[in-house]
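# Coordinate analysis (summary)
What follows is the residue order along each chain.
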Amino acid sequence: MSKWDDRVGSHAVNGSFAATLGMLENLTAEQVAQSPEDIDRLLRVVSHVRDRVTRTPADFITLTLLNTIQQHLDYLQSALSQFANVSNASYLDNANNNADALLDTAQLLPSLPADPAADAVAADADRVRRLVSTVVTSADAEVSRLREATDDIQRTSQESSESFAAQATAAKEQVADLKSEVKELTERLQEALAAQQSQFEEGEGARAEAAVANAKGTLDRLEDLKADAEKVVGAIGVAGVAKGYSDTAEKERTVANAWRYATVGVAALAALVLGWSLFTVTGDTSWQMLVTRLILSISLAGLAAYCGSQSEQHRKVERDARARHLQLAALNAYLANLPEDNVVELKAQLAPGYFTPATGAANGDGNGNGNGNGNGNGNDGAGVFLPDQWVELVKLLATKGAPK
């Protein structure tokens, strides 16, 4: 080794290059996030100047030039040290100014022929940047589409709720009109009964008795009509709520499938990038480039995990809505064989759960907070029968018609 090689190899500038690159690589993620472009440029400039010094024949490098490069590196390290201590991005501007001076000094070194390996690394880095840009653009488009689908589901749910509310209001008005007519007919019949009673007292007992029997029969028929009307209104309400849960389940299934497809796509892309990173490694590939590829693959895997989590949350909401739909569809069949008093009591206990949103399932925790019978916490939303309710229902069915 010549004395010129010894002069360059033993110069303090080599330690300054290593120290500067070490400071840049040891910055925290929060500090890098303040100005990633400035830090990236500093890394590339320092690496470039170090490569120029390393690749230039030692007998072409003057001691004055080495000392000047050493001085600029010291200034750059001072600015980086201040930035690392106070996290003020203005110190990065000072560091880049020193990087400019470092580049100007490096221009004094003799020109070198193009290095095919360096060109390959630059082309490889450009392909990685384009791949990252494509992935980010695709992910943004998918997120926008999923947000539109979510907005459509919310809008459809609101429209269904408004439609059901309008139907319920119309049914209430019909029941009110029916009650008014029943009341009017009852008053007229009472008047007729009073008249018939008067006629009976006057000697027309047989005809008055027949009129009273007819009036009572009419009242009984009116009561039956009233009960039938209330049953029809109840059936309409149950069918409307069941249809709303069915529509919600279908919409949530669509969104869950979309998130699932996004999960598969992003996971496949992460595997592709990982395979490309591991099986295209050559002797000319730098460790920085390999780390960049692996970080990109891990980031895509994290995105795939997030998409899978979103799909699972929507799938939980779908299962909850589907269970409520099936329970409401079978409710009237279960209640058909129960005594009227028990039917009214059981409906009063179950109704609050079916008209309370299952917020727990919608938030993705799978543990609803609704009360199926007015107390207790259900695991599948508010509309699920609790065990003691099933036991009570079996007892009622087994004892119906038994002598009291």
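Residues numbered from 1 in each chain as written. Predicted model: local features only at pLDDT ≥ 70, side-chain atom pairs only at ≥ 80, totals over all residues. Heavy atoms only, no water.

### As for the nonpolar core
- Judged by nonpolar contacts, the single largest core of 28 residues is most densely connected at F17, L42, V49, V53, I69 and L76.
- In terms of residues, this core owes the most to one element, helix α5 (residues 63–86), which gives eight residues.
- Excluding residues that lie within four positions of it along the chain, L42 makes contacts with L24, L76, L80, L92, A95, N96 and A99. (Core = buried A, V, L, I, M, F, W, Y, C linked by side-chain atoms within 4.5 Å. Buried < 20%, exposed > 50% of the residue type's maximum accessible area, 1.4 Å probe, protein only. Helix = DSSP H or I, 4+ residues; strand = E, 2+ residues; numbered from the N terminus. Contact = heavy atoms within 4.5 Å.)

### Things to note about unusual backbone geometry
- A positive phi angle, near 55°, is found at S87, a position not held by glycine.
- The topology assignment puts S87 in the loop between α5 and α6 (90–106).
- Look at S87 and you get partly exposed, because its relative accessible area is 28%.

### With respect to the packing of helix α4 (residues 36–55) against α5
- Relative to each other, α4 and α5 sit at 160°, their axes nearing to 13 Å. Here α4 lies roughly antiparallel to α5, going by the angle between them. Viewed along their axes, α4 and α5 form a crossing whose handedness is left-handed. Mapping the contact onto sequence places I39, L42, V46, V49 and V53 in α4 and L66, I69, L76, L80 and F83 in α5.
- Of the residues in the contact of α4 with α5, the class split is 10 nonpolar, no polar and no charged. (Axes fitted to C-alpha atoms, helices over the stretch in contact; angles between N-to-C directions. Parallel < 35°, antiparallel > 145°, perpendicular 65-115°, else oblique. Left-handed = near helix turned anticlockwise from the far one by under 90°. Nonpolar A, V, L, I, M, F, W, Y, C, P; charged D, E, K, R; others polar.)

### Some details on the side chain of Q70
- With respect to the helices, strands and loops of the structure, Q70 is situated in helix α5.
- Sequence-distant contacts of Q70, that is, excluding residues within four places in its chain, are made with H11, A12, V13 and S16.

### Regarding the confidence of the model for the protein
- Averaged over every residue, the pLDDT of the protein is 75; residues scoring 70 or more account for 68%.
- Note on residues 359–387: pLDDT under 50 across the span, and 62 contacts to partners over four residues away in sequence or across chains.
- Considering only residues more than four positions removed or in separate chains, one finds that residues 400–404, a stretch of pLDDT under 50, has four contacts. (pLDDT = per-residue confidence, 0-100.)

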